[in-house]
Amino acid sequence: MVNLIHISDLHYGSEFVPEYMENVIKYIEDESPDAVICTGDIIHKGRITQFKGVLPYLKRIRECTRFLAVPGNHDAKNSGIIFFERLIGPRRSRLIIDDKDTLIVGICSARDDIAYGECGDEQLDWCGRQFDKNLENRVLALHHHLIPVPLSGQKFTTVRDAGEVLEFTQLFELDLVLMGHRHVPHAYVIGPTTFLYCGTSTSKKVRADDSPSFNHIILNEGDIEVHIVNSTNLERSLLLERRLSRTKFVRPRRTRIEHLLSSSVWDD
Ligand SMILES: [Fe+2]
C-alpha cells in the first residue's frame, strides 16, 4: 500500500494563509505518507523573495517524507523558473519509492510568463524513457490540466499538447496523473488511468464555494482511494474509490510517442 499526499497551488505571496499551511504540515506529520507531491504554483509571482519565503515550510515537509514538486505558471512568472530550479528542485524530476515499487515522474508544463502550458516533444520523449511497465505504481505529475474541469473557467486550462500526453498515459498504462492549476478538486477515469486534480491547498483562491484542500491518495495493488482533505479543519471526504478493471483498446495506428521513442533526435 502506498500513501501519497497531493498538494497544489500554495500561492505563497498572495492570499496565502499560514494557518492552512500549518494544518497541511500537521496532517503530513501525523499521516507520514510515502511521499508528498506538489503540482505547482508554489508561489504567486516568480519572485526570489517569495521562493525564499516559502522554503522553511517546504523544508519541514521534506523532513517528514520524500517530496517532489513541479513548476506552475505562477512559479514561472518573471523568469521564476531560474529560482525554482535553484531553490526548489529541477523542473522535471522523478522520485522512486523502492520498497513500494512506485515511480513518480514530474514534468514542467509551465513556460515563462505564459498562462497556458505545454509539455513538448523533448520532454515527452524523456518521460517515455522513465516509465517501466513492470513497476506496480506509475504516477505522472504536472501543473496544467489534460482534460478541462467544469467550474475551472474557460481559459488556459489545458496544455496545448494535451492529446499527445493523454495518449502517452494510455500507452504506458499510467495509474495516476496529478494536476493542479485551476484550484478545482476533481477526478476522471480513462482506461487504466485516474486523472486527479487538486484544489488550492493553502490560499483563499478557491472557486465557487469550494474550500482550500489537498488530496490523500491510497494506492493498493491496483485499487485507488482518494480523499479530499479540507485545509481549514482537516476534515476528510471521499472523492474517488476505484477497483481497477483494465480496458483493452487496440490502437488503430502507431502512437506519436512510439514515433518519438524510436527516433534518435533527442538522444544525448
Ligand atoms: Fe494556481
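Residues numbered from 1 in each chain as written. Predicted model: local features only at pLDDT ≥ 70, side-chain atom pairs only at ≥ 80, totals over all residues.

**Regarding the environment of Thr-193**
This is how it is decided: We count a stretch as a helix when DSSP gives it H or I for four or more residues in a row; a strand needs E for two or more, and each element gets its number in order from the N terminus. Residues are defined as contacting one another if the C-beta atoms placed from their backbone atoms lie within 7 Å.
In this structure, Thr-193 sits in strand S9 (residues 193-197). As for Thr-193 and Leu-166, which are separated by 27 residues in sequence, their C-alpha atoms are 9.6 Å apart. With residues up to four places along the chain from it excluded, the contact list for Thr-193 reads Thr-169, Gln-170, Leu-174, Asp-175, Leu-176 and Val-177.

**Looking at the sheet that holds strand S5 (residues 102-106)**
Spelled out, the test is: Whether two strands pair comes down to DSSP finding at least two bridges between them. Axis definition: a line fit to C-alpha positions, over the contact stretch in the case of helices; interaxial angles, taken between N-to-C directions, run 0 to 180 degrees.
Taken in spatial order, the 6 strands make up an open sheet running S4-S5-S6-S7-S9-S8, and their pairing is mixed. In the strand order of this sheet, the two ends are held by strand S4 (93-97) and strand S8 (186-190), each with one partner. The mean inter-strand angle of the sheet, taken between neighbouring strand axes irrespective of direction, is 15°. As judged from the 5 bridges shared by S8 and S9, these two strands associate in the antiparallel manner. Paired with Ile-190 across the bridge in S9 is Thr-193.

**Describing the sheet that holds strand S2 (residues 35-38)**
The strand order across the open sheet formed by 6 strands is S3-S2-S1-S10-S11-S12, and the pairing between neighbours is mixed. The outermost strands of the open sheet, each flanked by one partner alone, are strand S3 (66-69) and strand S12 (236-242). For this sheet the average axis-to-axis angle between neighbouring strands, irrespective of direction, equals 20°.

**Describing unusual backbone geometry**
To keep things clear, this is the line we draw: Exposure is read from a count of other C-beta atoms within 10 Å of each residue's own; the residue is exposed at 12 or fewer, buried at 20 or more and partly exposed in between. C-beta atoms are placed from the backbone.
Phi at Asp-9 is positive, roughly 50°, even though this residue is not glycine. Relative to the helices and strands, Asp-9 is located in the loop between strand S1 (2-7) and helix H1 (18-31). What makes Asp-9 buried here is the crowd of 27 C-beta atoms within 10 Å. Of note, the phi angle at Leu-151 is positive, near 75°, even though the residue is not glycine.

**Focus: the pairing of S4**
As judged from the 5 bridges shared by S4 and S5, these two strands associate in the antiparallel manner. Note on S5: the bridge partner recorded for Leu-95 is Ile-104. Connecting S4 to the next strand, S5, in antiparallel fashion are 4 residues, including Asp-101 with a positive phi near 55°.

**A few points about the nonpolar core**
What counts here: The term nonpolar core means buried Ala, Val, Leu, Ile, Met, Phe, Trp, Tyr and Cys residues held together as one set by C-beta atoms within 7 Å.
Membership of the largest hydrophobic core comes to 66 residues, with the highest contact counts inside it found for Val-36, Ile-37, Ala-141 and Val-177. Excluding residues within four positions of it along the chain, Val-36 makes contact with Ile-5, Ile-7, Ile-28, Ile-61, Thr-65 and Phe-67.

**So, the packing of H1 against helix H2 (residues 48-64)**
Quick note on the threshold: Under this scheme an angle from 65 to 115 degrees is roughly perpendicular, one under 35 degrees roughly parallel, and one over 145 degrees roughly antiparallel; angles in between are oblique. Under the scheme applied, nonpolar residues are Ala, Val, Leu, Ile, Met, Phe, Trp, Tyr, Cys and Pro; charged residues are Asp, Glu, Lys and Arg; polar residues are all the others, including Gly.
Between H1 and H2, the least distance of the axes is 10 Å, while the angle of their chain directions is 10°. Classed by the angle they form, the pair H1 and H2 counts as roughly parallel. Only Tyr-57, Arg-60, Ile-61 and Cys-64 of H2 make contact with H1, whose side of the interface consists of Met-21, Ile-25, Ile-28 and Glu-29. For the contact of H1 with H2, the per-class residue count stands at 6 nonpolar, no polar and 2 charged.

**Things to note about the environment of Glu-258**
Along the polypeptide, Glu-258 turns up in helix H6 (residues 256-261). Assessed through the 14 C-beta atoms surrounding it within 10 Å, Glu-258 is described here as partly exposed. Glu-258 sits 130 residues away from Gly-128 along the chain, and the two C-alpha atoms are 8.9 Å apart.

**Details of H2**
As a reminder, the rule being used: Each residue after the first adds 1.5 Å to the expected span of a helix. At every residue, the bend is computed as the angle between two fitted axes, covering the seven residues ending there and the seven beginning there respectively.
Spanning 17 residues, H2 covers 25 Å between terminal C-alpha atoms, matching the ideal 24 Å at 1.5 Å per step. The sharpest bend along H2 measures roughly 40° and falls at Leu-55, with the proline Pro-56 sitting one to four residues further on. When we look at burial in H2, the residues that qualify are Gln-50, Phe-51, Val-54, Leu-58 and Ile-61. If you follow the buried residues of H2, they end up packed against H1, S2, S3 and helix H3 (80-88).

**Overview of the pairing of S9**
For S9, a buried count of 5 out of 5 residues is recorded, marking the element as mostly surrounded by other parts of the structure. Covered by surrounding structure in S9 are Thr-193, Phe-195 and Tyr-197 together with Thr-194 and Leu-196, the residues of both alternating faces. Across 4 bridges, the pairing between strand S7 (residues 176-179) and S9 is parallel. Residue pairing in the sheet places Leu-176 in a bridge with Thr-194 of S9. The turn linking S8 back onto S9 is made up of 2 residues, and Gly-191 within it adopts a positive phi angle of 55°.

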